Amino acid sequence: MRVAVLISGRGSNLRSLLEAAAEPAFPAEIVTVIANRPGAGGLDHAATFSVPHQTIDHKAYADRAAFEAALTAALEAAAVELICLAGFMRVLSAGFVRRWQGRIVNIHPSLLPLFPGLDTHARALAAGVKLHGCSVHFVSEGVDEGAIIGQAAVPVFADDDPDRLAARVLQAEHRLYPHCLRLLAESRVRLAGGRAVVEAGGADGPALFNPDPGA
Ligand code: GRF
């Protein structure tokens, strides 16, 4: 499966996808990396892995439609089959999302549908949740609303601040996103009735508790 990764910043999730895809047996190939911000740190990761990369600066276009037309042209030129958003900070228009429906996914740093939008870690701390995490989901017209493909949970501790919690969630993101990309590339994810149905062995293991019942 030919994959594009779209980024705006440091690209640590991009790096985890590049590392996974570098394995010869991995079922997806990252064929292009596109940043909408010049100098996005993640472009260096693409260079390290010798993956074609470019900047399509949204500020260089008159409006969203012109920016998205340039994006579409680049994606088509690379014969992309799936788009992975990884810290891509532009909201995409309904028309763009419809065109790629079922073929565009995102990673979000919360257990959706809790905490869509920004500042998820501070909001999780303010809410006092004891479990937090990340979600990989299909992109739909509503922001952070599409069908959930996979989630990973981490505990929230009393002495956490947003940065500590973000770092713990990010570690989970770096495992979850490559795993979900593999499932997508192996055609083990399908959309049914607005939900993502995943054909994957779910081990019925112990629950993730916080507080730890053994402590
Ligand atoms: C991640 O927390 C991701 O969930 C969110 O933006 C952040 C991007 O981080 N969408 P990075 O650029 O992948 O390091």
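Because the structure is a prediction, the values reported are computed rather than measured.

Considering the overall build of the chain
Link 1 in the chain: Looking only at helices and strands, one finds six helices and nine strands in the chain.
Link 2 in the chain: Scaling as 2.2 N^0.38, a compact globule of 215 residues should have a C-alpha radius of gyration of about 17 Å, and the chain matches this with 17 Å.
Link 3 in the chain: In terms of its C-alpha atoms, the chain occupies a principal-axis envelope of roughly 55 × 35 × 35 Å.
Link 4 in the chain: Look at the contacts in the chain between residues 6 or more apart in sequence, and 61% of them connect residues 24 or more apart.
Link 5 in the chain: Carbon together with sulfur atoms contributes 53% to the accessible area of the chain, which is approximately 10800 Å² in total.

Here's the deal with the packing of aromatic side chains
Link 1 in the chain: Scanning the model with the defined rule gives two aromatic pairs in all.
Link 2 in the chain: Relative to Phe-67, the ring of Tyr-61 lies with its centre 6.3 Å away and its plane at 55 degrees, an arrangement referred to as tilted.
Link 3 in the chain: The class for Phe-67 is buried, based on a relative accessible area of 3%.
Link 4 in the chain: Ring centres of Phe-96 and Trp-100 lie 6.4 Å apart, and the angle between their planes is 35 degrees; on these two criteria the pair is classed as tilted.

Here's the deal with helix α5 (residues 120-127)
Link 1 in the chain: Along α5, the positions that sit buried rather than exposed are Thr-120, His-121 and Ala-124. The arc enclosing the buried residues of α5, seen along the axis, measures out at 100 degrees, which places them on a common side.
Link 2 in the chain: Positive backbone phi, approximately 75 degrees, marks Gly-128, located one or two places after α5.

Structural notes on the site of the ligand
Link 1 in the chain: In the neighbourhood of the ligand, the contacting residues comprise Arg-10, Gly-11, Ser-12, Asn-13, Gly-87, Ile-107, His-108, Pro-109 and Glu-173.
Link 2 in the chain: Note that an oxygen atom of the ligand is positioned 2.9 Å from one of the backbone N or O atoms of Gly-11.
Link 3 in the chain: Between Ile-107 and the ligand, the recorded distance is 3.0 Å, taken from a backbone N or O atom to a nitrogen atom.
Link 4 in the chain: Isolated, the ligand exposes 360 Å² of accessible area, and the fraction of that covered by the protein chains is 85%.
Link 5 in the chain: Those elements that place two or more of their residues in the shell around the ligand are α1 (12-21) and β5 (104-108).
Link 6 in the chain: Its residues assigned to classes, the shell around the ligand comprises two nonpolar, five polar and two charged.

Focus on unusual backbone geometry
Link 1 in the chain: Put simply, Leu-112 and Pro-113 share a cis peptide bond, and its omega is 10 degrees.
Link 2 in the chain: Among the structural elements, Pro-113 can be located in the loop between β5 and α5.
Link 3 in the chain: With omega at 5 degrees, the peptide bond leading from Asn-210 into Pro-211 counts as cis.
Link 4 in the chain: Mapped onto the fold, Pro-211 is located in the segment after β9 (195-198).
Link 5 in the chain: Located in the positive-phi region is Asp-119, a residue other than glycine, with phi close to 55 degrees.
Link 6 in the chain: Relative to the helices and strands, Asp-119 is located in the loop between β5 and α5.

Conventions we followed
- Residues numbered from 1 in each chain as written.
- Predicted model: local features only at pLDDT ≥ 70, side-chain atom pairs only at ≥ 80, totals over all residues.
- Heavy atoms only, no water.
- Helix = DSSP H or I, 4+ residues; strand = E, 2+ residues; numbered from the N terminus.
- Rg over C-alpha atoms; globule rule 2.2 N^0.38 Å.
- Contact = heavy atoms within 4.5 Å.
- Areas by Shrake-Rupley, 256 points an atom, 1.4 Å probe, with all protein chains shown as cover.
- Phe/Tyr/Trp six-rings, centres within 6.5 Å; stacked < 30°, edge-to-face > 60°.
- Buried < 20%, exposed > 50% of the residue type's maximum accessible area, 1.4 Å probe, protein only.
- Arc of directions from axis to C-beta.
- Near = heavy atom within 4 Å.
- Polar contact = N/O pair within 3.5 Å; in protein donor to acceptor, adjacent residues only side chain to side chain.
- Nonpolar A, V, L, I, M, F, W, Y, C, P; charged D, E, K, R; others polar.

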